[in-house]
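This is what each chain is made of:
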There are 2 protein chains.
Amino acid sequence: MPRPPRLTAEQITETALRLGDRDGPQAMTMRRIAAEVDCDPMALYRHYANREALLDAVADAAVAGVEAPAPDAPWAERLTRLLTAIRDAALEHPGIAAHIASRPPLGPHGRRLAAALLGTLSDAGLSPADAVRTFQTLTAYLAASLAMGVQAGTRDARWEQVRTVVDELPGGMPGEELAVVGSTDQFSYGLQLLLDGIRARSAAPPA
Amino acid sequence: MPRPPRLTAEQITETALRLGDRDGPQAMTMRRIAAEVDCDPMALYRHYANREALLDAVADAAVAGVEAPAPDAPWAERLTRLLTAIRDAALEHPGIAAHIASRPPLGPHGRRLAAALLGTLSDAGLSPADAVRTFQTLTAYLAASLAMGVQAGTRDARWEQVRTVVDELPGGMPGEELAVVGSTDQFSYGLQLLLDGIRARSAAPPA
DNA sequence: ACCTGAACACCGTTCAAGT
DNA sequence: ACCTGAACACCGTTCAAGT
């Protein structure tokens, strides 16, 4: 009789997520993940085709806790709440945030959230074609905001350098705290810009 | 008398750019770049602190050919032309496009283009604070569009998979060619959305 | 048939030894 | 003083050998 496998796919992703949160993205190597779950590195390949597939699964696990807002709120509010929740969830896991930024999660949780997003855009009165295009625009913006994401204690040195350059630009605002690259304030501003654009195409204004 | 150095920083970035275009991003390793310029790998460290610094310089070289539009056109048109030109330049260099997407070039050419962008937003009537915020939003959107960028013959297998998932989503449009993730059409749509949002905040409409 | 780990073909970077 | 390349401490993944 076949014993249940000592190692499950979920155990691997959960452990990898914790490892990344603790030691950063560069720690999420096959060898170190294997050491963390105390198995041979090759055992991981029994559950995932390669490192990329494993990281995709970890990314999906990172957004598992995000819930789609109830459909009774106005569409603009639902969009804001959902996108903010995804951003927050990703930033809570610094180990995998950059991976999520490089492409949206495609596992069950990612698809669930994508469906919620598309449904909300449909409720906003967009045609199916425009809903898909807008969905992709919002996804792109969210991904880039994550890449620039700054969380307390997780400041990315490279984006910090970008901020310095922006400050030194003619017309820039040296010392302006509001304009911090990747801040929540900055994210909200761009999102409002996009929502205004969507409103202009929407047949059902939010009021 | 000190001879001129056999190897210049420009030679290195130009060679690395060609190598990346020919063999892809994963070919741009210190060792292979060194082999391409026919020097010891360690000689590269005489010109760049580390691999990241070298790739930053290559990214800046990739946008060297982009010129800011003349300031007599309406601001919306100037924004569109400039962002499109940067996107085109980056997509012409598949070896470095993903690196540019992960953060904007910070070298002389990158700063030149950033200054042009900020100036145009100022011409649009935005306050300095809003210009900086909008600049960052546009930069974020451009970066993400690049990450999803699909160029003839350069289709990224991972984003191809995203397209498949989007097609299968409820409310999605299976077989809809217009909605290709990362397409130029898709890029323009999102950019228009943002321009509409900017217009709403602009004191000087383009007409 | 399944699993394991040695081995392969690489990395970026350090640093001691050479000129 | 400058430069070089051997060596270090890793990678992801293949595959032959074991159970």
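What counts as what
Residues numbered from 1 in each chain as written. Chains lettered and ligands numbered in written order. Predicted model: local features only at pLDDT ≥ 70, side-chain atom pairs only at ≥ 80, totals over all residues. Heavy atoms only, no water. Helix = DSSP H or I, 4+ residues; strand = E, 2+ residues; numbered from the N terminus. Polar contact = N/O pair within 3.5 Å; in protein donor to acceptor, adjacent residues only side chain to side chain. Axes fitted to C-alpha atoms, helices over the stretch in contact; angles between N-to-C directions. Left-handed = near helix turned anticlockwise from the far one by under 90°. Contact = heavy atoms within 4.5 Å. Phe/Tyr/Trp six-rings, centres within 6.5 Å; stacked < 30°, edge-to-face > 60°. Buried < 20%, exposed > 50% of the residue type's maximum accessible area, 1.4 Å probe, protein only. Lys NZ or Arg CZ within 6 Å of the ring centre and 35° of its normal. UniProt positions renumbered as here; feature names shortened; annotations may be inferred. Domains from an automatic or database assignment. Buried area = accessible area lost by both parts, 1.4 Å probe. Salt bridge = Lys/Arg side-chain N within 4 Å of Asp/Glu carboxyl O. Near = heavy atom within 4 Å. Expected span 1.5 Å × (residues − 1).

Participant: What's the story with the side chain of Gln 136 of chain B in this structure? I'm lost.
Facilitator: As for its placement among the helices and strands, Gln 136 of chain B is situated in helix H7 (residues 128-147). At 3.1 Å, the side chain of Gln 136 of chain B forms a polar contact with the side chain of Gln 186 of chain A.

Participant: Looking at this model, I keep getting lost on the packing of helix H4 (residues 75-91) of chain A against helix H9 (residues 184-201) of chain A. Mind explaining?
Facilitator: Helix packing geometry: the angle between the two helix axes and the distance between the axes. Residue and element names in this part refer to chain A. Where H4 contacts H9, the two axes come as close as 11 Å, and the packing angle between them is 145 degrees. The crossing of H4 and H9 is right-handed. In contact with Trp 75, Ala 76, Leu 79, Thr 80, Leu 83, Thr 84 and Arg 87 of H4, H9 contributes Thr 184, Phe 187, Leu 191, Gln 192, Leu 195, Ile 198 and Arg 199.

Participant: How should I be thinking about the packing of aromatic side chains in this particular structure?
Facilitator: How two aromatic rings sit relative to each other is set out by the distance from centre to centre and by the angle between their planes. A full pass over the atoms with the stated rule returns two aromatic pairs over all chains. Geometrically, the ring pair formed by Tyr 141 of chain A and Phe 187 of chain A is stacked, given 5.8 Å between the ring centres and 5 degrees between the ring planes. Here Tyr 141 of chain A, found in helix H7 (residues 128-147), pairs with Phe 187 of chain A, found in helix H9; they are 46 residues apart in sequence, far enough to count as distant. With a relative accessible area of 2%, Tyr 141 of chain A lands in the buried category. A relative accessible area of 3% means that Phe 187 of chain A is categorised as buried. Here the basic side chain of Arg 201 of chain A rests over the ring of Tyr 189 of chain B, its NZ or CZ set 5.3 Å away from the ring centre.

Participant: I'm lost on the environment of Ala 27 of chain A in this one. Help?
Facilitator: All names here are of chain A. Residue placement: Ala 27 occurs in the loop between helix H1 (9-23) and helix H2 (30-37). Expressed as a C-alpha distance, the spacing of Ala 27 and Ala 16, which sit eleven residues apart in the sequence, is 9.1 Å. Apart from residues no more than four positions distant in its own chain, Ala 27 is found in contact with Leu 19 and Arg 32.

Participant: Looking at this structure, I do not really get the UniProt feature "domain: HTH tetR-type" (unreviewed entry) in chain A. What am I missing?
Facilitator: Mapped onto the present numbering, the UniProt feature "domain: HTH tetR-type" (unreviewed entry) falls at residues 6-66 of chain A. A distance of 29 Å separates the end C-alpha atoms of residues 6-66 of chain A, which is 57% helix and 0% strand.

Participant: I would appreciate a short explanation of unusual backbone geometry in the present structure.
Facilitator: Among all residues except glycine, the phi angle is most often negative; among peptide bonds, the trans geometry is most common. Positioned with a positive phi, Asp 38 of chain A is a non-glycine residue whose angle comes to about 60 degrees. Taking relative accessible area as the criterion, Asp 38 of chain A reaches 60% and is therefore assigned exposed.

Participant: Looking at this structure, I do not really get the domain arrangement of chain A. What am I missing?
Facilitator: Residues and elements named next belong to chain A. By domain assignment, chain A separates into domain 1 (9-62) and domain 2 (75-203). Taken together, the contact pairs 13 residues of domain 1 with 15 residues of domain 2. Buried area between domain 1 and domain 2, summed over both chains or domains, comes out near 1100 Å², and the portion from carbon and sulfur atoms is 58%. Contact with domain 2 buries surface across domain 1, with Asp 21, Asp 60 and Ala 62 losing the most and accounting together for 47% of the total. Joining domain 1 to domain 2, the criterion identifies one salt bridge.

Participant: Got a minute to help me understand the environment of Gly 110 of chain A in this structure?
Facilitator: Residues and elements named next belong to chain A. Here Gly 110 is to be found in helix H6 (residues 108-123). For Gly 110, a relative accessible area of 10% puts it in the buried group. Placed 39 residues apart in sequence, Gly 110 and Pro 71 show a C-alpha to C-alpha distance of 18 Å. Every residue in contact with Gly 110, bar those within four places of it in the chain, is listed here: Asp 60, Val 63 and Pro 105.

Participant: Even after reading the chapter, I still don't get the pattern of salt bridges, so can you show me in this structure?
Facilitator: Note on pairing: side chains with opposite charge can pair once their charged atoms come close. Considering all chains together, one arrives at 20 salt bridges over all chains under this definition. A salt bridge links Asp 185 of chain A to Arg 133 of chain B, with the shortest nitrogen-to-oxygen separation between them at 3.3 Å. With Asp 185 of chain A in helix H9 and Arg 133 of chain B in helix H7, this pair bridges two chains. As a salt-bridge pair, Asp 23 of chain B and Arg 22 of chain B come within 3.2 Å of each other at their nearest N and O atoms. Within this structure, Arg 22, Asp 23, Arg 32 and Glu 36 of chain A form a network of salt bridges that share partners.

Participant: How should the protein's contact with DNA strand D be read in this particular structure?
Facilitator: Around DNA strand D sit Thr 29, Met 30, Arg 31, Arg 32, Met 42, Tyr 45, Asn 50 and Arg 51 of chain A together with Arg 31, Asp 40, Met 42 and Arg 46 of chain B, and that is every residue in its neighbourhood. One of the backbone N or O atoms of Met 30 of chain A is found 3.1 Å from a phosphate oxygen in DNA strand D. Contact distances for DNA strand D include 2.4 Å between a base nitrogen and a side-chain N or O atom of Arg 31 of chain A. Ranked by the residues each element gives to the surface near DNA strand D, the list is headed by H2 of chain A, at three residues.

Participant: Can you walk me through H7 of chain B in this structure?
Facilitator: A turn of α-helix holds 3.6 residues, and therefore any two residues three or four places apart point the same way. Across its 20 residues, H7 of chain B extends 29 Å between first and last C-alpha, which sits within 8% of the 28 Å expected from 1.5 Å per residue. Summarising burial for H7 of chain B: 17 of the 20 residues are buried, a large majority.

Participant: Explain the UniProt feature "DNA-binding region" (unreviewed entry) in chain A to me, please; I cannot follow it from the model alone.
Facilitator: Under the UniProt annotation, "DNA-binding region" (unreviewed entry) lies at residues 29-48 of chain A. Within the segment residues 29-48 of chain A, helix and strand shares are 40% and 0% respectively, and the terminal C-alpha atoms sit 13 Å apart.

Participant: Would you take a moment to explain the protein's contact with DNA strand C for this structure?
Facilitator: In the vicinity of DNA strand C, the residues found are Arg 31, Asp 40, Met 42 and Arg 46 of chain A together with Thr 29, Met 30, Arg 31, Arg 32, Met 42, Tyr 45, Asn 50 and Arg 51 of chain B. Within 4 Å of the protein, the atoms of DNA strand C are drawn from sugar and phosphate moieties in a proportion of 45%. The side chain of Arg 46 of chain A places a nitrogen or oxygen atom 3.2 Å from a phosphate oxygen of DNA strand C. Broken down by element, the surface near DNA strand C gets its largest block of residues, three residues, from helix H2 (residues 30-37) of chain B.

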